[in-house]
Amino acid sequence: MSRTDEREPNHDQTIVFIPEGDFDATFEPDDGLVDDAKPDLEERIREGIPPAKKPPESDLYRYTEQEEKFLFTDDVPEKLEDVKRVMEERAGFNASFDAIARDMTYGGKPTSLYYLNGFVKDEVLTMIMSRLSLLPGNTLNTEAVRKLFEQYIPHIQVDKLDTMTEIIGKVLGGGSALFIEGERSAIVMDVKSLPQRGTDEPSVEKVVRGSRDGFIETLLTNVTLLRRRLKDPRLKLETMQVGRRTRTDVCVAYIQDIADVSLVKAIKKKIEALDIDGLAMADKELQELIIDRGWNPFPVVRYTERPDVAAYHLLEGHVCLFVDTSPSVIILPSTFFHHVQHAEEYRQTPFVGTYLRWVRYFGVFASIFLLPLWFLFVLKPELRPMVFTFIGPQETGRIPILAQFLIVEIGVDMMRLAAIHTPTPLASAMGLIAAILIGDIAIKAGLFVNEVILYMAVAAIGMFATPSYELALANRLVRIALLVAVALFGVPGFAVGTVLIMLMLISQRSHHTPYMWPFIPFDGKALLDIVLRRPFPTQKFRMTLTKPQDRTRMAAKIGLKKK
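Colleague: Can you explain the overall build of the protein? Please cite residues and give values.
Modeller: Scanning the protein for helices and strands turns up 17 helices and ten strands. Split into buried and exposed, the 563 residues of the protein put 42% on the buried side. For the protein, restricting intrachain contacts to residue pairs at least 6 apart in sequence, the fraction spanning at least 24 positions comes to 64%. Roughly 31,300 Å² of accessible area belongs to the protein as shown, and the carbon and sulfur atoms make up 59% of that amount.

As structure tokens, then:
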């Protein structure tokens, strides 16, 4: 009898293993088995032979000597037929519909062109092929690669590579590889045209006055927008690839003579040490991999989609991380107060900018403490000051107040999620239904009290006024925790909860940087910059937070260039 597990695996056979365990005599063979495997399984069932034990994963398939030759080779084969086998085994050019191989003869030499159809810019590649087709016979009989590279390919982004790993990486990234019969290297042309949208203003960082461009999902476009604002030759944009499968491009941006050298080295070291499948979720996965904060809800990095904001932080000594396929840029290091500042403050006069900053601070404070304080005064009326005697519901609803708050909190989150998933023309109608019909009917039915809806609306507005979306969500969780603490323990619950939250913020670090700086540790001058939006002529020095090599931002007297 021929046993299934003793067969020699090859391309034309399917091997089926049954999980180890008690044998079930009623086992039905899978209809998907190949014909020659079914009789053996049926024979095992009839004779009561235990199922075959699954061998180690390394023994599931053995490559033939020829397959190993093409799959694991890194040298460029001289024969185009061997090149084809390598590209099929390693890059899937025999299985993927968008992987194109084009065989042609140029200058008397057979050649093969490999590229991915969706990436190639048709006009440029067609122009190059048309020029090569005009080469007279015997032109490429000797030193074909050198002649093509130096004389006959009229393109600015051309490279000569000698290893298949590099060549395949370039092709999968959008390049085109040209192999020549008898040559041990290939010409790689960067003629890709990535699908991308326009550089429109980010929807979450809008300003009344200022630039209207924003980062998009293409790395090259993003660094170009940054270069447009920083023409400093010391601006460094170092790229590396992360992920064995995705090979995502990550760019570390910094100004060489401003940024802290140890900070740049530490960030680059962490990125280079990553050994993962890939960064499918781009910047967020990278942030969690290099700055592990566990279940802490507060954001430890700042995100921005505005080129001017990224340029401003680079001038302050920060490091920016660009991740291909993401419009968000990571700014390191960042503190709590970086998340409550907005570009609009710097687009207005210092006085107006300071006023807008204080209004925003009040909104952040209200989003955290307004509901817990009101709830505390309701539970402990004796704590209310005389001027706040109006605080408290005139009528009690059928639902306990804590439950009302929790239901409304969940309702607001549901509205936010519904707005994200609702088509734009229907979003306004959805908001009217949720805000007017549901809220009004709930109050008239006696389920909720008016003040719960009122203060919840104020807290929600404060949350939406928070510039950082991540901080706004964290503040909402803190608000819910304080509400529960007040309901369970009253005044001690509010006090202890507030202290615990402050301790958590104080103990937090953003890449070895105190999260509550300049409040703790205290820095008076830096704290003044947090409270006030000072005029630019008075900001002569960079903040000490980033430990810049050059702290001077401008000359002692305005109008005099620094020698």
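Colleague: Residues and numbers for the pattern of salt bridges, please.
Modeller: Counted under the stated rule, the structure contains 27 salt bridges. With its nearest N and O atoms 2.9 Å apart, the salt bridge here joins Glu143 to Arg146. On the basis of relative accessibility, which here comes to 28%, the residue Arg146 falls in the partly exposed class. Between Arg476 and Glu409 there is a salt bridge whose closest N-O contact spans 3.5 Å. Highlighted residues: Arg476 in helix α15 (residues 469-489) and Glu409 in helix α12 (residues 401-421), separated in sequence by 67 residues. Exposure remark for Arg476: the relative accessible area of 3% places this residue in the buried category. With relative accessibility at 1%, the residue Glu409 sits in the buried group. If you follow the salt bridges from partner to partner, you end up with Glu201, Arg212, Arg306, Asp308 and Arg347 in one network.

Colleague: Help me get a handle on unusual backbone geometry, residues and values and all.
Modeller: The omega angle of the peptide bond from Leu332 to Pro333 is -15°, so this bond is cis rather than trans. Inspection of the secondary structure puts Pro333 in the loop between β10 (329-332) and α11 (350-379). The amide bond that connects Trp517 to the next residue, Pro518, takes the cis arrangement and shows omega of 10°. Position of Pro518 among the secondary structure elements: in the loop between α16 (491-507) and α17 (524-531). One non-glycine residue, Asn138, lies in the positive phi region at around 70°. Unusually for a residue other than glycine, Thr325 sits at a positive phi of about 80°.

Colleague: Talk me through the packing of α15 against α16; I want residue IDs and the actual numbers.
Modeller: The relative placement of two packed helices is expressed as an angle between their axes plus a distance between the axes. Where α15 meets α16, the closest approach of the two axes is 6 Å, and the angle between their N-to-C directions is 150°. In terms of orientation, α15 and α16 fall into the roughly antiparallel class. You can see that α15 and α16 cross each other, and the crossing is right-handed. Contacts from Val478, Leu482, Ala485, Val486 and Phe489 of α15 reach α16 at Val491, Pro492, Gly493, Phe494, Gly497, Thr498 and Ile501. For the contact of α15 with α16, the residue count by class is nine nonpolar, three polar and no charged.

Colleague: How would you summarise the nonpolar core if you had to cite specific residues and measurements?
Modeller: Ranked by internal contacts, the top residues of the largest apolar core, which has 37 residues, are Phe298, Phe336, Trp374 and Phe405. When contributions to this core are tallied by element, the ones reaching two or more residues are α11, α12, α14 (450-465), α15 and α16. Element by element, the count of residues in this core is highest for α11, at nine residues. If near-sequence neighbours (up to four positions away) are discounted, Phe405 is found in contact with Leu371, Trp374, Phe375, Val452 and Leu483. Residues Val250, Val252, Val264 and Leu279 belong to the second largest nonpolar core, which totals 25 residues.

Colleague: I'd like a rundown of the packing of α14 against α15, residues and numbers included.
Modeller: Across the interface, α14 lies against α15 with an axial gap of 9 Å and an inter-helix angle of 150°. Of the possible angle classes, the one that applies to α14 and α15 is roughly antiparallel. On α15, the residues that touch Met456, Ala459 and Met463 of α14 are Ala472, Arg476 and Arg479.

Colleague: Go over the sheet that holds strand β8 (residues 302-304), please, and point to the residues and values.
Modeller: Taken together, five strands build an open sheet; the order of strands is β6-β7-β9-β10-β8 and the sheet is antiparallel. Both outer strands of the open sheet, β6 (235-242) and β8, are each paired with one neighbouring strand and no more. Between one strand axis and the next, the sheet turns through 25° on average, direction left out of account. Across eight bridges, β6 lies against strand β7 (residues 248-255) in antiparallel orientation. Its bridge partner lying in β7, Leu235 is registered against Ile255. Contacts from helix α9 (residues 283-290) reach β7, β8, β9 (319-323) and β10, with the element oriented near 130° to β9.

Colleague: Which residues make up the confidence of the model for the protein, and what are the values?
Modeller: Low pLDDT marks stretches whose predicted atomic positions should not be read closely. With 83% of its residues at a pLDDT of 70 or more, the protein has an overall mean of 83. Highest mean pLDDT in the protein belongs to β9 (97); lowest belongs to helix α1 (residues 38-47) (49). Note on residues 1-39: pLDDT under 50 across the span, and 46 contacts to partners over four residues away in sequence or across chains.

Colleague: Go over the packing of aromatic side chains with me, naming the residues and quoting the values.
Modeller: Following the criterion strictly, the structure yields twelve aromatic pairs and no others. Their ring planes at 85° and their centres at 5.7 Å tell us that Tyr114 and Phe179 sit as a pair that is edge-to-face. Residue Tyr114 is located in strand β2 (residues 109-116), and its partner Phe179 is located in strand β4 (residues 176-180); the two are separated by 65 residues in the primary sequence. Residue class for Phe179 comes out buried when judged on its relative accessible area of 1%. Ring plane angle 85° and centroid distance 5.7 Å describe the contact between Trp374 and Phe405, whose orientation is recorded as edge-to-face.

Colleague: With reference to specific residues and values, describe α12.
Modeller: With 21 residues, α12 extends 30 Å from end C-alpha to end C-alpha; this agrees with the ideal 30 Å at 1.5 Å per step. Residues Ile401, Gln404, Phe405, Val408, Glu409, Val412 and Arg416 constitute the buried set of α12. Buried residues of α12 fall within an arc of 135° about the axis and therefore sit on the same side. Exposed residues lying more than 90 degrees from the buried face of α12 are Ile410, Met414 and His421. The inward-facing, buried residues of α12 contact α11, α14 and α15.

Colleague: Provide a residue-level description of the sheet that holds β4, including the pertinent values.
Modeller: Taken together, the five strands give an open sheet; going across it, the order is β1-β2-β4-β5-β3, and neighbouring strands pair in antiparallel fashion. In the strand order of this sheet, the two ends are held by β1 (99-106) and β3 (158-161), each with one partner. Recorded for the sheet is a direction-independent mean angle of 25° between the axes of neighbouring strands. When β4 meets strand β5 (residues 186-189), the two strands line up antiparallel, connected through four bridges. Opposite Ser176, over in β5, you have Met189 as the bridge partner.

Colleague: For the pairing of β5, give the residues involved together with the corresponding values.
Modeller: By the alternation rule, side chains of β5 split into Ala186 and Val188 and Ile187 and Met189, which are all buried. By the bridge criterion, four bridges tie β3 to β5 in an arrangement that is antiparallel. Within β5, the position partnered with Val158 by the bridge is Met189.

What counts as what
Residues numbered from 1 in each chain as written. Predicted model: local features only at pLDDT ≥ 70, side-chain atom pairs only at ≥ 80, totals over all residues. Heavy atoms only, no water. Helix = DSSP H or I, 4+ residues; strand = E, 2+ residues; numbered from the N terminus. Buried < 20%, exposed > 50% of the residue type's maximum accessible area, 1.4 Å probe, protein only. Contact = heavy atoms within 4.5 Å. Areas by Shrake-Rupley, 256 points an atom, 1.4 Å probe, with all protein chains shown as cover. Salt bridge = Lys/Arg side-chain N within 4 Å of Asp/Glu carboxyl O. Axes fitted to C-alpha atoms, helices over the stretch in contact; angles between N-to-C directions. Parallel < 35°, antiparallel > 145°, perpendicular 65-115°, else oblique. Left-handed = near helix turned anticlockwise from the far one by under 90°. Nonpolar A, V, L, I, M, F, W, Y, C, P; charged D, E, K, R; others polar. Core = buried A, V, L, I, M, F, W, Y, C linked by side-chain atoms within 4.5 Å. Pairing = 2+ DSSP bridges. pLDDT = per-residue confidence, 0-100. Phe/Tyr/Trp six-rings, centres within 6.5 Å; stacked < 30°, edge-to-face > 60°. Expected span 1.5 Å × (residues − 1). Arc of directions from axis to C-beta.

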